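Observations on the model geometry
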Amino acid sequence: MSKVKTHKVIGLRSTLLSLFLFLFFILLSNQFEPYNQSQLANIAMLLIAVLSITLLTGASGQISLGQGAIMAVGGYSSALLVTRLGLSMWLAFILAIFVSALFGLFLGLAAARLSGPYLAGTTLVMALAIPSIAVRFETFFSGDVGLSVDYGMPPEWLTKLIGEVSIEEWSLYVVLPFTAVALFAVLNLSNTRIGRTWRAVRDNEVAASLAGINIGRTKVIVFVCASGLAGLAGALYGFRGLVAPSVYPTDLSLTLLTAAVIGGLRSIGGAIFGTFVIVFLPDLIEKVTNNLAIPETVGIYLPALAIGLLLLLTVILNPRGAAGALEHLRHKKKH
Amino acid sequence: MTPFLTAFFSGTAQGAIYALVSLGLVLVWRSAGVVNFAQMGQAMFTTYIASQLIQNNYSYWSAFLIALISGAALGALVDLGLMRPLTSRKNSQLLNSQSMRTTIPVIASLGILGVLKALAGIFWAGEERGFPSPVAPNAIKIGDTSLAITGFDLFVIGTVFLTLVLTTIFFTKTGMGLAMRASALNPEVTRLSGIKVGSVRTLGWAISGIASSLAGLLVTPRTNLSPNTLDLLLIIGFTAAVVGGLSSLAGSVLGGFILGYVISFVNVYSAPENVFIAILAFLLLALFLRPQGILGSKEVRSV
């Protein structure tokens, strides 16, 4: 057997990359006014959810149209832990990962039996049904009104250390460590034995099972990992102010998938790029429509139109997304 | 009128519409191997076209006919413009892996759904509007007792029944229908026997477009019309198709009626808030008990 090129589990490269992203966000936020700082925080939390799709679809070939619903699971579990049990926010975030991972375990057990379109449809039904549970059991989940939670005020030691910290900056500081750790975990996971098993299952199930891989168990593990990530993202997303069904609509699931596809399903850099696009593109379009005096009734649909067209264009031109296109160019230059 | 009969009649009328949606999904699945998540987006769009025509003083029936024709055209366009180039592409590395070949068309159909919804919002302002029905929605009376079934329900059931009969005749008695069944069963052999498999597939998309467009016309008098109203219908239709068997046309119709009864009985005997959870529970139950569906055949995977 030929020697397979493997990376060390804790690679130097992934550590540096995660740290770089962390610093990059902080430096970028210093250049921004408060609104864009909070948009940057949005990117940092949504990136975690997009990474969960990169794992699920890019690395193991399973599709989920319901990552928003899993975000809701994370959001509700953390918000309930804080408001009902009075836990600290940080502990609630960590516990939200475990609750959603447990949810992912059940989902994975069902998903292991499904493939392609069945899985897509089932997760889409889930995306609609889960938020409706909050309305159904209103006394426990507070129905449509939702649970109010926030990041609180920046602690004193931080203001002493770096001076005045605005609410927007504080939300970014809360989210960024989680984003960096999630990025670090995903970067390393794809180079471990588990990551290679996932790719084998993605590319050819029959061949993978002949090579001794337990397909069912592999799929369940992917779902557990991806759901943990999505749940964390959902908890962070909810603590911007409100955890309610309207915060996690079906469109959120589809937007996340779009981000992952535009950037490139198999690329972590692509996930970062795609998340920037879905968060900043609507702002950019708004600026353009304001300048062109396009009526507001048309303007509100333009971001959705642009994102839909971008998704179609990506799939037609290069299903591997921006990252795939870049690689293609680099490849061409060599020859 | 007892609650049971109320649930039964409204279940039949709703189920007839779900059967159309589910039939549309299965038609495309069988002919192209794609679950078209944009299907009800297409139907939403054609229903808006009909609504616009009626506003411009066209008669209901001419708007009805034009909506069905544009449904067929839109379905064919999606296949020719997007799905065919996507699935025929051989060189892309991403499509080399088994799972990606089924994933990419799903993503593409979601893209179409997003674009259609945004366009409908831009063209028609996206506010909820009513949609007329050709029959008054009053309860039918026998003597003094009014039945739980309305004239409109009968119109829906009748139209769907007629559609199903026509579809059955098409698939069993015409050469084109036979060609469609053959290419669903084995495209390679069908191609070798001189049938243009590509055109047959496009025809499948077109017929599916008609069926879903009809479902849109029949459901909106009750639900009103907005870019998002038909999303729920897609979810229900998908569940119906899975319950009946994604590979079986008769199964998809059966699944549609089953879902109609399930939803209507949950509505009457429980609470409307429970409908979503009931759909999810029913879908999961069906997938666990009989993944190939009631009338579906087990998929045999070749290496």
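Residues numbered from 1 in each chain as written. Chains lettered and ligands numbered in written order. Predicted model: local features only at pLDDT ≥ 70, side-chain atom pairs only at ≥ 80, totals over all residues. Heavy atoms only, no water.

According to its UniProt record, chain B has this under Sequence similarities (unreviewed entry): "Belongs to the binding-protein-dependent transport system permease family. LivHM subfamily." Recorded in UniProt for chain B, the comment headed Subcellular location (unreviewed entry) runs: "Cell membrane". (UniProt positions renumbered as here; feature names shortened; annotations may be inferred.)

1. Describing the packing of aromatic side chains
The relative placement of two aromatic rings is captured by the distance of their centres and the angle of their planes. For the structure on display, the rule yields 28 aromatic pairs over all chains. With centroids separated by 6.3 Å and ring planes inclined at 80°, the aromatic side chains of A:F24 and A:F25 adopt a geometry described as edge-to-face. Looking at A:F24, the relative accessible area reads 35%, which means it is partly exposed. With relative accessibility at 0%, the residue A:F25 sits in the buried group. Both rings, one in B:F8 and one in B:F9, keep their centres 5.8 Å apart while their planes meet at 65°; by these two values the pair is edge-to-face. Members of the aromatic cluster, connected to one another through ring pairs, are A:F20, A:F24, A:F25, A:F32, A:F276 and A:F280. (Phe/Tyr/Trp six-rings, centres within 6.5 Å; stacked < 30°, edge-to-face > 60°. Buried < 20%, exposed > 50% of the residue type's maximum accessible area, 1.4 Å probe, protein only.)

2. So, the UniProt feature "transmembrane region" (unreviewed entry) in chain B
Residues and elements named next belong to chain B. Feature annotation in UniProt assigns "transmembrane region" (unreviewed entry) to the following positions: residues 6–27, 60–82, 103–126, 146–171, 202–220, 232–263 and 275–295. The span residues 103–126 shows a helical share of 92% and a strand share of 0%, and its end C-alpha atoms are spaced 30 Å apart. Across residues 202–220, helical content stands at 100% and strand content at 0%; the span's end C-alpha atoms are separated by 27 Å. (Helix = DSSP H or I, 4+ residues; strand = E, 2+ residues; numbered from the N terminus.)

3. Side note on the side chain of B:T159
Along the chain, B:T159 falls in helix 5 (residues 151–173). For B:T159, the contacting residues outside a window of four places in its chain are B:L214 and B:L218. (Contact = heavy atoms within 4.5 Å.)

4. Considering the pattern of salt bridges
Residues and elements named next belong to chain B. For the coordinates displayed, the defined rule picks out 5 salt bridges over all chains. In this structure, K117 and D231 form a salt bridge, with 2.7 Å as the shortest nitrogen-oxygen distance. Of the two residues, K117 sits in helix 4 (residues 98–124) while D231 sits in helix 9 (residues 231–244), which places them 114 residues apart along the sequence. Look at D231 and you get partly exposed, because its relative accessible area is 25%. (Salt bridge = Lys/Arg side-chain N within 4 Å of Asp/Glu carboxyl O.)

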